[in-house]
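Residue-level listing of the chains:
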Amino acid sequence: MSADAVSALQYQYTTGDNSGKVPVEHLDYKYIEECKDVKYLEKILRVLRSGDEGIYPHLINFCESHLEKLDPRSRALRKTNPVATAASLSRDEWSQIVDELKIWQEETQKTETSLKQHSMFDDEVNKNIPPVRGSNFSVPISQTLLPKEKRNSSKHTLPRDYREWDKFDVEKECERIDRNVTEKDPHVIMNNGQPKIKTKVDASLLTQQEKLLLANREKDKGNEAFRANDYEEAIAYYSRSLSIIPTVAAFNNRAQAEIHLKHWHSAMRDCQRVLELEPGNVKALLRRATVYHHMGNFQMATEDLRIVLMEEPQNAAATQLLSKTEKKIKECQPEQRKGKKILIQEVEEEDDNSYDERKSEQTACPVEPSQPVGGEESSAAPAERGDMGNAQKKPHGRGDGGPHSEHNNSHHGHWRGKGGNSDKYKVTQEKVTNGTSKRGSTASVQADQSSSGKGTSVGGNTGETVNLDAPCGALPPPLSRLKNEGNLLFKNGQFADALEKYSQAIQGYTDSGLDSPEDLCVLYSNRAACYLKDGNSQECIQDCTRALELQPFSLKPLLRRAMAYESLERYRKAYVDYKTVLQIDISVQAAHDSVNRITRLLIEQDGTEWREKLPEIPLVPLSAQQHRREEPPSAEVLQARAEKAARDAERRAEIHFTALKQEGNDFVKKGQYQDALGKYTECLKIKPDECAIYTNRALCYLKLERFTEAKQDCDAALKMEPTNKKAFYRRALANKGLKDYLACSTDLQEVLQQDPNVQEAEKELEEVTVLLRQSLANAKASPAKNRKTVPITEVEGDEETPAVPSSESSRRGADISINLQPANAYEFGQALNAARCCGNTGACADLLASTAPEMLPQLLSTQLDGHTISFIMQGLDTHLEKDPNLVYQHLNHLHTADRFSVVLMLLEKDERRHMTQLFEHLSAVESAEFTKNDVQNLANKYI
């Protein structure tokens, strides 16, 4: 068959034969050999392998070999290996496979049996499966308990004549038909309520692996609920996961869900648990900062956010929240100057130590010693309390939540010695709701803080040390520690933990049989504050009542009980307590506001006769009325004011400095260098140690061609930052303006050594090198003036010595005393200059012999020039015969001195000749410490 016939047949197949079958004529050696179509050859090969046209092993092999030549990677060439059987394996291999399969089968059966016996989902089988979240699920009629509706058996007869047809209402009949059609459809009962999900799972019978699996499943369900914005269900599933195995991820996720529901204290507890399990967890810190921000504790939020940004500087959420928090802090500052403050004191038996961290002034000084109460130091900014049964209105004493001091009188609750003005208290109102009321509102006062009489600091935001073992009144050390721990926890916003500490202290007090009603009153008052913070108004009332039984007319228990009454909408009792508080201290603004608010509510409730329905308001004795006396502030208050004033002054100075610097930079950009100079000078008056200001002002001096002042500013900058590149470069420009080309060249080399890519420095160095050579050439061309040598000697004592003529001193130069034991670079330079002035190379050799070679570069750092190097070479040449090893060591260190390379370029011919002679003499000396090759390598660095 010819090639044309093959191509014709192939064309006929590809174009005309649509059946896809391979003609029998193509199953031929010659056709296959001449066929170049790879796909068609693959089809031929499949037909041959199928055996439909017969079995031709040689033809199959021939087709495979031809196809492999055309396309070695063809899929048709791939051959599947037969399934391995016992016949294809050795007896040992097959027996090993069989044994492993049997072992696997037995283990699987055991695992299945154990899972059936202890199913991890037994508790799920016996309860209703929760509905599909996010959609209303339907209940079939067969499962409903509702009775079937009775069909309407009434039949409507059709009209019989035209008059009845006129009365026929077509629209009503259509509505009836539509209604019947609707009623015939199967009823669907929509159940909008979802069964409550249990938050705990009994996993006591499960293995650790099963617990881990089940905990992860519950957490995944919570994640799914969270993504669907069903935060309550997410919290339930996270709680189930935590009841099985507590994990960091579950705590973190539950905290986030609680934040969305505004359950701030629950979210705070979860964040604290995460940080206990994994200190430094970024997510927990960020979420705790969010809680602090919403609770008004902006300072603590700022600290957490700074830690987060140290770990993750690119965290956008932390950066955004930090900016909001700092803005809130700034907004609170002006209010702090104009606002009022709550200041309540309890007079106790310890020395007063009042912590005044407020933004406005307050006066506090008790007559009798008292003890500060640590729990009062937490922020009292308004906070949303979405997770509480009773949410209170929060008074904010100041934006930063500074601490208060309370003093209980130890003599039957009488108040004395605490003066205050009408600006002492301030309260902000927020709408609150408890389980039974919608109008209740109150003001919260911080917990009593009690610490040692010496004033142990518990400043959470100030970084001071906390002394938890400080004595507290008559309490024994264990109870004092419990109380101090409770105060610290309250200050940090951990109210539930603080409540537990106070409860332990009260129980310990009862068990120990102590007789100190003042201390027990403070403990009850502190625990009442915790109850009030957590929204448990009923327990708060009970504790306040106990405290008032121990210490009648104590201000804080009265105020807290009034708040609790108000939150429970017991307005008459709240009114009585608020009025009693005002009898004790008329300047409590929170009580004034609450009385006005409750008065309006009682008028609405009882009408004009509301006063007749009030309980009797007790009369407060004059001795307990705090506002009757005013005393000067204590030393602690004055110190706190001074510290606050210093911080404010520093902050204002920083703001003023930043503004002046920015103004100076703007003037420089505009080319107004004289104005910029004034701004930078004012900046240095505020911060004289700011290196950047010196370099900026030096730039202005350079632009104004005041090179001396520019050099002085660069020197000052280099004293503060010895490696400041800008200072070196601008000092080089100043030296160039002063025509000190050698110093300019040195500074430019320093710049290039720090950063070789500074092109400006390279260009300046080339230009300065040319100017330096020109100046040296001009100096040689001009006639040299005869210089007189004026020797300078140090004279001990106060006696004056007559001046010696220069000619005589030059003749007696050899007799001048030279200090051969210099203590510093200055004395070394003086001794070297004295020896050079009189041309005494021997003295120079003795001076170098007494100097350590490694110290020579440092001693010459300020004295290095061409004449000095030449004189040192002559001195070393003189000393060569005595100690050639010392000469080699000096030469080995001398070339490392600063400015050596620059000075080396400026040597004259005679000076270079002295250097060459020294190395020739040194190479001729035989020594065990160096060879001629070493001397030659060293000479290459000099010549």
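Since this is a predicted model, take the numbers as computed values, not measurements.

Each value, and the rule that gives it
Residues numbered from 1 in each chain as written. Predicted model: local features only at pLDDT ≥ 70, side-chain atom pairs only at ≥ 80, totals over all residues. Heavy atoms only, no water. Helix = DSSP H or I, 4+ residues; strand = E, 2+ residues; numbered from the N terminus. Expected span 1.5 Å × (residues − 1). Buried < 20%, exposed > 50% of the residue type's maximum accessible area, 1.4 Å probe, protein only. Polar contact = N/O pair within 3.5 Å; in protein donor to acceptor, adjacent residues only side chain to side chain. Contact = heavy atoms within 4.5 Å. Salt bridge = Lys/Arg side-chain N within 4 Å of Asp/Glu carboxyl O. Phe/Tyr/Trp six-rings, centres within 6.5 Å; stacked < 30°, edge-to-face > 60°. Lys NZ or Arg CZ within 6 Å of the ring centre and 35° of its normal. Axes fitted to C-alpha atoms, helices over the stretch in contact; angles between N-to-C directions. Parallel < 35°, antiparallel > 145°, perpendicular 65-115°, else oblique. Left-handed = near helix turned anticlockwise from the far one by under 90°. Patch = residues over 30% accessible without salt bridge, like charges linked within 9 Å, V, L, I, M, F, W, Y side chains within 5 Å. Areas by Shrake-Rupley, 256 points an atom, 1.4 Å probe, with all protein chains shown as cover. Lys, Arg positive; Asp, Glu negative; His and termini not counted. Charge placed at Lys NZ, Arg CZ, Asp CG, Glu CD. pLDDT = per-residue confidence, 0-100. Nonpolar A, V, L, I, M, F, W, Y, C, P; charged D, E, K, R; others polar.

Here's the deal with helix α20 (residues 555-567)
Here is step 1 of the chain: Taking 1.5 Å of rise per residue, 13 residues should cover 18 Å, and α20 covers 19 Å from first to last C-alpha, within 8% of that figure.
Here is step 2 of the chain: Within α20, 13 of the 13 residues are buried, which leaves the element mostly enclosed by the surrounding structure.
Here is step 3 of the chain: Remark: Glu569 follows α20 within two positions and exhibits a positive phi of approximately 65°.

Considering the side chain of Asn253
Here is step 1 of the chain: Here Asn253 shows up in helix α11 (residues 248-260).
Here is step 2 of the chain: Side-chain polar atoms of Asn253 contact the side chain of Asn223, separated by 3.2 Å.
Here is step 3 of the chain: The residues contacting Asn253, other than those within four sequence positions of it, are Lys219, Asn223, Tyr238 and Arg287.

Side note on the pattern of salt bridges
Here is step 1 of the chain: Scanning the entire structure with this criterion turns up 29 salt bridges.
Here is step 2 of the chain: The partner of Asp304 in a salt bridge is Arg288, with the nearest N and O atoms 2.8 Å apart. Here Arg288 lies in helix α13 (residues 282-295) and Asp304 lies in helix α14 (residues 298-311), a separation of 16 residues in the sequence. Considered together, Asp304 and Arg288 belong to a single accessibility category, that of buried residues.
Here is step 3 of the chain: In this structure, the salt-bridge partner of Glu566 is Arg597, at a minimum N-O distance of 2.9 Å. Of this pair, Glu566 sits in helix α20 while Arg597 is found in helix α22 (residues 589-606), placing the two residues 31 residues apart along the sequence. For the pair formed by Glu566 and Arg597, the shared burial category is buried.

Description of the environment of Arg254
Here is step 1 of the chain: In this structure, Arg254 sits in helix α11.
Here is step 2 of the chain: Along the chain, Arg254 and Asn223 lie 31 residues apart, while their C-alpha atoms are 9.5 Å from each other.
Here is step 3 of the chain: Contact partners of Arg254, with chain neighbours within four places excluded, come to Ile235, Tyr238, Ser239, Leu242 and Asp270.

Quick look at the environment of Glu485
Here is step 1 of the chain: Structurally, the position occupied by Glu485 is in helix α16 (residues 477-491).
Here is step 2 of the chain: Taking the C-alpha atoms as reference points, Glu485 and Val466, separated by 19 residues in sequence, lie 9.6 Å from one another.

Overview of the packing of aromatic side chains
Here is step 1 of the chain: The full count for this structure, using the stated rule, is 8 aromatic pairs.
Here is step 2 of the chain: Arranged with centres 5.3 Å apart and planes meeting at 65°, the rings of Phe226 and Tyr231 form a pair that is edge-to-face.
Here is step 3 of the chain: The exposure class assigned to Tyr231 is buried, which follows from its relative accessible area of 16%.
Here is step 4 of the chain: Joined through ring pairs, the aromatic side chains of Phe900, Phe919 and Tyr942 make up one cluster.
Here is step 5 of the chain: The ring of Phe657 carries Lys687 above its face, with NZ or CZ at 4.8 Å from the centroid.

Topic: unusual backbone geometry
Here is step 1 of the chain: Look at Phe553: it is not a glycine, yet its phi comes out positive at around 60°.
Here is step 2 of the chain: Within the fold, Phe553 resides in the loop between α19 (537-550) and α20.
Here is step 3 of the chain: Judged by its relative accessible area of 22%, Phe553 is partly exposed.
Here is step 4 of the chain: Backbone geometry places Glu705, a non-glycine residue, at a positive phi of 60°.
Here is step 5 of the chain: Take Glu705: it is sitting in the loop between α25 (691-703) and α26 (707-720).

Points about the packing of helix α18 (residues 517-533) against α19
Here is step 1 of the chain: The N-to-C vectors of α18 and α19 enclose an angle of 165°; their axes lie 8 Å apart at closest approach. One way to sum up the angle between α18 and α19 is to call them roughly antiparallel. Where α18 crosses over α19, the two elements pack in a sense that is left-handed. Contacts between α18 and α19 involve Pro517, Leu520, Cys521, Tyr524, Ser525, Arg527, Ala528, Tyr531 and Leu532 on the former and, on the latter, Glu539, Cys540, Asp543, Cys544, Arg546, Ala547 and Leu550.

Observations regarding a negative patch on the surface
Here is step 1 of the chain: A contiguous patch of negative charge on the surface is contributed by Asp169, Glu171, Glu175 and Asp178.
Here is step 2 of the chain: Of note, Asp178 is situated in helix α8 (residues 170-184).

Some thoughts on the side chain of Ser266
Here is step 1 of the chain: With respect to the helices, strands and loops of the structure, Ser266 is situated in helix α12 (residues 264-277).
Here is step 2 of the chain: Only 3.2 Å separates the side chain of Ser266 from the side chain of Arg269, close enough to count as a polar contact.

Looking at a nonpolar patch on the surface
Here is step 1 of the chain: A cluster of nonpolar side chains, namely Trp94, Ile97 and Leu101, defines an oily patch on the protein surface of about 280 Å² accessible area.
Here is step 2 of the chain: Its place among the elements puts Leu101 in helix α5 (residues 91-117).

Remarks on the environment of Asp585
Here is step 1 of the chain: Mapped onto the elements of the fold, Asp585 is located in the loop between α21 (571-584) and α22.
Here is step 2 of the chain: Since its relative accessible area comes to 0%, Asp585 is described here as buried.
Here is step 3 of the chain: It is 6.1 Å that separates the C-alpha atoms of Asp585 and Gln625, two residues lying 40 residues apart in sequence.
Here is step 4 of the chain: A polar contact is formed between the side chain of Asp585 and the side chain of Ser587, at a distance of 2.7 Å.

Remarks on the confidence of the model for the chain
Here is step 1 of the chain: Mean pLDDT for the chain: 75, with 72% of residues reaching 70 or above.
Here is step 2 of the chain: When the elements of the chain are averaged for pLDDT, helix α30 (residues 806-811) gives the smallest value, 39, and α11 the largest, 93.
Here is step 3 of the chain: In this model, residues 188-193 is a region of pLDDT below 50 whose contacts with residues beyond four sequence positions or in other chains number 11 contacts.
Here is step 4 of the chain: Below pLDDT 50 for its whole length, residues 797-815 participates in 10 contacts with residues either more than four positions away or in separate chains.

Describing the packing of α16 against α18
Here is step 1 of the chain: Across the interface, α16 lies against α18 with an axial gap of 12 Å and an inter-helix angle of 30°. Looking at the two axes, α16 sits roughly parallel to α18. You can see that α16 and α18 cross each other, and the crossing is left-handed. For the pair formed by α16 and α18, the contact residues are Lys483, Asn487 and Phe490 on the first element and Val522, Leu523, Asn526, Ala529, Cys530 and Lys533 on the second.
Here is step 2 of the chain: Considering only residue class, the contact of α16 with α18 consists of 5 nonpolar, 2 polar and 2 charged.

Regarding α13
Here is step 1 of the chain: Under the 1.5 Å per step criterion, the end-to-end length of α13 is 20 Å for 14 residues, consistent within 8% with the ideal 20 Å.
Here is step 2 of the chain: The element α13 is extensively covered by neighbouring structure, given that 12 of its 14 residues are classed as buried.
Here is step 3 of the chain: Taking the backbone nitrogen of Lys283 as reference, a side-chain oxygen 3.1 Å away marks Asn281 as the first, capping residue of α13.
Here is step 4 of the chain: After α13 finishes, the residue Gly296 shows a positive phi value of roughly 90°.

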